[in-house]
Each structure stands twice: as structure tokens, then as C-alpha cells.
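Next come the chains, spelled out residue by residue.
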Amino acid sequence: MAIQVNGTQVIGNSRELTNIASIDATTAAAIGAAGVGGGGELDFTSSGNIAAGTLVGVRSDGKIGLNIAGENTAYSSAFNTDTPTSNPGRMIKLTSGKAAILLRQSGYWYMAIGTSGSAGNNWTFGSFVSMNRATAYADICYDPDNDKIAFVAADGATIYGKMVSYSGTTIGTLHSEVTVAQNNYGCNWPSLTYDTNRNRFFGVFSEMYYASAAGFTFTANSSGTIQNVGWNSSTSSGQVFNTSVAAYNAAIFFHSGENAPIIFASRDNVNAFFKVGLSGNTPTKLAESLDNDGDIKETRGGITYDATLGKMILVQGYDGNAKASVVDLTGNTFTRGAKVQLSATPVQSVAVVSDNGSVRAFYIPAGQDTYNYAGLTATSSNTITVTDAAKIYQSSAVPAVTGNTNLVLQFPRYDIGFLDGARAFFLAQNTSSWKILSLNVVPTAELTSYVGILQTAATTNNTAPVTIVGGVNTAVSGLTTGKMYAANGGGLLVTSNSSASIGVALSSTSLLLT
């Protein structure tokens, strides 16, 4: 039997929806009153704080949660005994399914090689091997041409470098160590990248006296011998890469679109970007951008280069908020797009990865000891938006990492996270152990494991009403009347003509679940 509302047929004899485009919000409510969707709501206990209008599923513990591929404990080690805030670890991708991690114990740096299972979980690592260097700061970088790993360590005045050979998950020869940089005014926080265009390593370190970032370079042959070393020496006029401020936690990475390394440093309301060239064996400055943004209030930011998109993605603290933006480099011109807010608190530690505009960021809000997660989409027009449902996932709203409390990320470095196929990996730790967190980056086309949509906001371990099949949810917004909607991998409603659609929009703020 067909159903009419105020003289307009809205449901036909075969239960099909008709004349949907002409229905307004009042009529949508009347449909519910007419019996469509009657009883289409159930109360569930929530696993965390989840916003109204969010698509949710039932977890293994019977509580509702977000329909995302959550983090899991992929690898655990109680090896590290140094404090998390002063001695960050490193994790880099070698080849698909293989990574190297660098941890510090009792002042010395140790490296291990690991492989992941087919799903990106169940990491298996070989034995940790001492790099025979006791320093406060170090970094590692992969040489794809010779299938070796470069290790550099800074003791405040000198940076030492050596190449490391490995086979499978076994570390082999530690090749001869050489000096790759010296500076009487400070050699701290080294960061290393590999220039696949020049087949050369480029590094950056913080030179405190002149409030600058200094560069160094070297090559390595197939025998593991470091050659062609060069670095920026101190001068009374300051450094080549002068940030005008102390360049804490400077990072360097290779921009394949411009075939050049990029240095990023931030301190005291200034972001500094440098495009790096080479004169003989000495790093040179090809271009710079000193972004004197008075809105920047936090030194600690995370940055990554999206090689597919050809853009840099920056997540940083701004005026009491965590924000993300796209940074473009074309020729010698840096351009930063508009910032989008992630949270209402500044960040104290960040890791961010991106591929083809699909951005995944883990970060710690200032003053907290739990991590947040954000999924974003960046575009070639330098825009970025938060795209995942509920926008920000606090640790209480994401499946818990088993056996971990007070889990934190390390210093906001370029090399504590990477992408491998459909998964993003981040290195984190609590006060006694390390974890590799994994997250599915590529959304599935449709999600079918949903139970419904939250009608009101949910809080941790409290019940909340969920609109189920047959009900009309009025907590949604921005819909197009008459359109069918499905769900993407982030739990967002998207228009779809698929048979897997979960509902039809009765108005911009009403969705009938079918």
C-alpha cells in the first residue's frame, strides 16, 4: 500500500521511495510519524567519545566504535630504558614489508631489522646490534642503490657516519666510521635523507650559536665506504641555512618533484623551508621561505612529502590549536595553503605520512599522555580537509593498544613513520616499551559492518541511541535530498548508486536507513 504525506506519495506499493526530491525536513519528520522507521533505534554502550551523525559498528566487546581499521600491537620491545622525551627512536622503510628501527639504551644506539606479516602486522625483528656510539642524537637512512643503511650520530660538536650492511633480518658489517660534519657551535639533532637523483646523502643539524640549520653531504659505494664528504662551516655572518632562530628538530627529506632535498625547521613563530643544492661536496641554498607566521606557537611539528601528490604536508601547533596545511614548491617558490584545525590544543609531538593526498597523522596534544589520530585529504590545489568521521579519534575512541598505557609518540621527526602499501606505521612508546602502530590508509570502497548512525553524541562507556535500518537519523548534515548514501573506509557518508548503499537522504539533515 502506498503512503502519502500531505497529499504527496512518498512510498509506492512496492515500498519504493517516490517524490523524494520534493520532500522537506517537516515532511521527513512526518514520514517517521507515519510509521516508516518506527522502532528503528537502539541504545548501545559506546567505546569512546563519538560525535552525533557518525556511522558506527559493533566491536568484539559489544560496544559501538568507529568503522576504521584501528591500531594494533604489531611489535613490542622493552629494550629502551632512556627517557622518551630526550632520546627519540627511529623507524624507516627499507623495502616493502621490511623496516629498520633504531633505539637507545644506556646511552648507546642499537639497530634491528624486521619484517611484517602479509597484513602488515606480526612484525618479526632480528637481534639488536650496537652501533658503537653513545650520543644523545642519531638518525638512519636507507640507500636503495646499494641496499645499505646509513647511520649518523651527533655528540654536540661532531657528526659521525657509517654504513651498515644487512641480510634478511640480520645486521652484518658495520663499515668504517668517518666524520661527516664538525661544528664548534653545536652539532645536534641530525636528520638524514637520500637524494636518488644524485645518489648522495644529504643531512641537516642544528647549530645553536648562530641559530641556524647547517647541512652536510656524503656518498657511499657498494663496499660501504663513505666518500665525498662536505659540510657547512661556521662563519661570523651565520649559516647558509639561517632560520633567524634556533633550529630545533630540523628535518630534511627528498622532494622528487623538484629533484632536490628540502630542509624544514621551526622555532619561535617562524617556519623555515630551504631548497638544497650542491657545490662540489658542499650543500648550498637554492631557495628559502621564512614563514613569519605569528600564529605559530609550537616548535614541534610533523612534516612529510607526498611523492604522488608532489606536495609537503605539515601538521603543527598554531595559537593553541593543532592545524594542518599543504606546502607547495614549484621552482624556487614555496607556497603554503590554508590551515585546517585538528584540535583545540597545541601539539607536543607529531608523526604524519601521506600518499596520493591520503594523509594519516598521529599526535600528542600538549599536556596529555595519550595520542590522537586524524585522517585528512590533501589536494593538488594546496587545500586540505579533515575527512574521517568524528574528525579526531582520541585513544579512548580508537581500539586500545593491548597492554599499553600512557603510550606516546617520539619527537616530531620525519623518520618515525612510513607508508607501506595500504598501511601506515608509526613508532611509539610508553615509559618502558616500544610499539609499532599500524593503520589502514586506503579506505575500502564500501563498509558493510555498520550497525547504524549515532542520533546523539556518545561518551565513553555510556549508552547512546543509534539509528538502525528502518529508522530516520536527523543528526546528519550536508546531504542532497533523494541521493543514496554509502560509507567510505573512514566512516564518512558518500553518495553512491551501489546496492551496498545504507540509506537515502530525505532532506539535507535526514537519512532513512534502508
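Quick caveat: nothing in here was measured; it's all calculated off a predicted structure.

K.L.:
Pulling in residues and values, what's your account of the environment of Ala100?
P.N.:
Relative to the helices and strands, Ala100 resides in strand E8 (residues 98-105). For the pair formed by Ala100 and Ile149, sequence separation is 49 residues and the distance between their alpha carbons is 8.6 Å. Those residues in contact with Ala100 that sit more than four places away from it in its chain are Arg90, Met91, Ile92, Leu94, Ala112, Ile113, Ile140 and Ile149.

K.L.:
Run through the confidence of the model for the protein chain, naming residues and quoting values.
P.N.:
The share of residues in the protein chain with pLDDT of 70 or more is 61%, and the mean pLDDT across the chain is 74. Taken as a whole, residues 67-79 scores under 50 in pLDDT and shows 60 contacts with residues more than four places along the chain or in a different chain.

K.L.:
If you had to explain the nonpolar core to someone new, which residues and values would you point to?
P.N.:
A general trend in soluble globular proteins is that nonpolar side chains are found buried together. By size, the foremost hydrophobic cluster in this structure holds 18 residues, and its most contacted members are Ile159, Leu192, Phe201, Phe216 and Phe218. Elements with a minimum of two residues in this core: strand E13 (148-154), strand E14 (156-167), strand E16 (178-195), strand E17 (200-207) and strand E18 (212-220). Counting residues per element, this core draws most heavily on E16, at five residues. When sequence neighbours within four positions are dropped, the list of residues in contact with Phe201 reads Cys141, Tyr142, Asp143, Ala150, Met163, Leu192, Thr193, Tyr194, Phe216, Thr217, Phe218 and Ala220.

K.L.:
Tell me about the pairing of strand E12 (residues 137-143), and please be specific about residues and values.
P.N.:
Within E12, seven of the seven residues are buried, which leaves it mostly tucked inside the rest of the structure. Residues Tyr137, Asp139, Cys141 and Asp143 line one face of E12 and the alternating positions Ala138, Ile140 and Tyr142 line the opposite face, and both faces are buried. Alignment of E12 against E13, held across seven bridges, turns out to be antiparallel. Bridge pairing in E13 places Tyr142 opposite Ile149.

K.L.:
Which residues make up the pattern of salt bridges, and what values go with them?
P.N.:
For the structure shown, the criterion picks out seven salt bridges. Between Arg198 and Asp195 there is a salt bridge; the shortest N-O distance is 2.7 Å. Put simply, Lys311 and Asp328 hold a salt bridge, and the shortest N to O gap is 2.8 Å. Here Asp328 lies in strand E27 (residues 321-330) and Lys311 lies in strand E26 (residues 311-318), a separation of 17 residues in the sequence. Comparing Lys311 with Asp328, the two get one shared label, buried. The structure contains a network of salt bridges with shared partners spanning Arg133, Lys162 and Glu177.

K.L.:
Give a detailed account of the environment of Phe334, specifying residues and quantitative values.
P.N.:
Here Phe334 is to be found in strand E28 (residues 333-336). Given a relative accessible area of 13%, Phe334 falls into the buried group. Along the chain, Phe334 and Ser289 lie 45 residues apart, while their C-alpha atoms are 6.2 Å from each other. Here Phe334 is in contact with Ile262, Phe273, Phe274, Lys275, Ala287, Glu288, Ser289, Met312, Val327, Asp328 and Leu329, once residues within four sequence places are set aside.

K.L.:
How would you sum up the environment of Arg104? Please name residues and give values.
P.N.:
With respect to the secondary-structure elements, Arg104 resides in strand E8. Looking at Arg104, the relative accessible area reads 12%, which means it is buried. Residues Arg104 and Met131, spaced 27 residues apart in sequence, show a C-alpha to C-alpha distance of 9.9 Å. A distance of 3.5 Å separates a polar side-chain atom of Arg104 from the backbone oxygen of Gly107. One polar contact links the side chain of Arg104 to the main-chain carbonyl oxygen of Thr135, over a distance of 2.7 Å.

K.L.:
Just give me the short version of the packing of aromatic side chains, but keep the residues and values in it.
P.N.:
Under the counting rule described, the total for this entry stands at six aromatic pairs. Between Phe205 and Phe216 the ring centres are 6.2 Å apart and the planes differ by 35 degrees, which places this aromatic pair in the tilted class. Residue Phe205 is found in strand E17, and its partner Phe216 is found in strand E18; the two are separated by 11 residues along the sequence. Taken together, Tyr194, Phe201 and Phe218 form an aromatic cluster joined through their ring pairs.

K.L.:
Residues and numbers for the side chain of Thr193, please.
P.N.:
The residue Thr193 is located in strand E16 in this model. Residue classification places Thr193 among the buried residues on the basis of a relative accessible area of 7%. At 3.3 Å, the side chain of Thr193 forms a polar contact with the backbone nitrogen of Phe254. Dropping the residues within four chain positions of it, Thr193 is found in contact with Cys141, Arg200, Phe201, Phe202, Ile252, Phe253, Phe254 and Pro261.

Cut-offs applied
- Residues numbered from 1 in each chain as written.
- Predicted model: local features only at pLDDT ≥ 70, side-chain atom pairs only at ≥ 80, totals over all residues.
- Heavy atoms only, no water.
- Helix = DSSP H or I, 4+ residues; strand = E, 2+ residues; numbered from the N terminus.
- Contact = heavy atoms within 4.5 Å.
- pLDDT = per-residue confidence, 0-100.
- Core = buried A, V, L, I, M, F, W, Y, C linked by side-chain atoms within 4.5 Å.
- Buried < 20%, exposed > 50% of the residue type's maximum accessible area, 1.4 Å probe, protein only.
- Pairing = 2+ DSSP bridges.
- Salt bridge = Lys/Arg side-chain N within 4 Å of Asp/Glu carboxyl O.
- Polar contact = N/O pair within 3.5 Å; in protein donor to acceptor, adjacent residues only side chain to side chain.
- Phe/Tyr/Trp six-rings, centres within 6.5 Å; stacked < 30°, edge-to-face > 60°.

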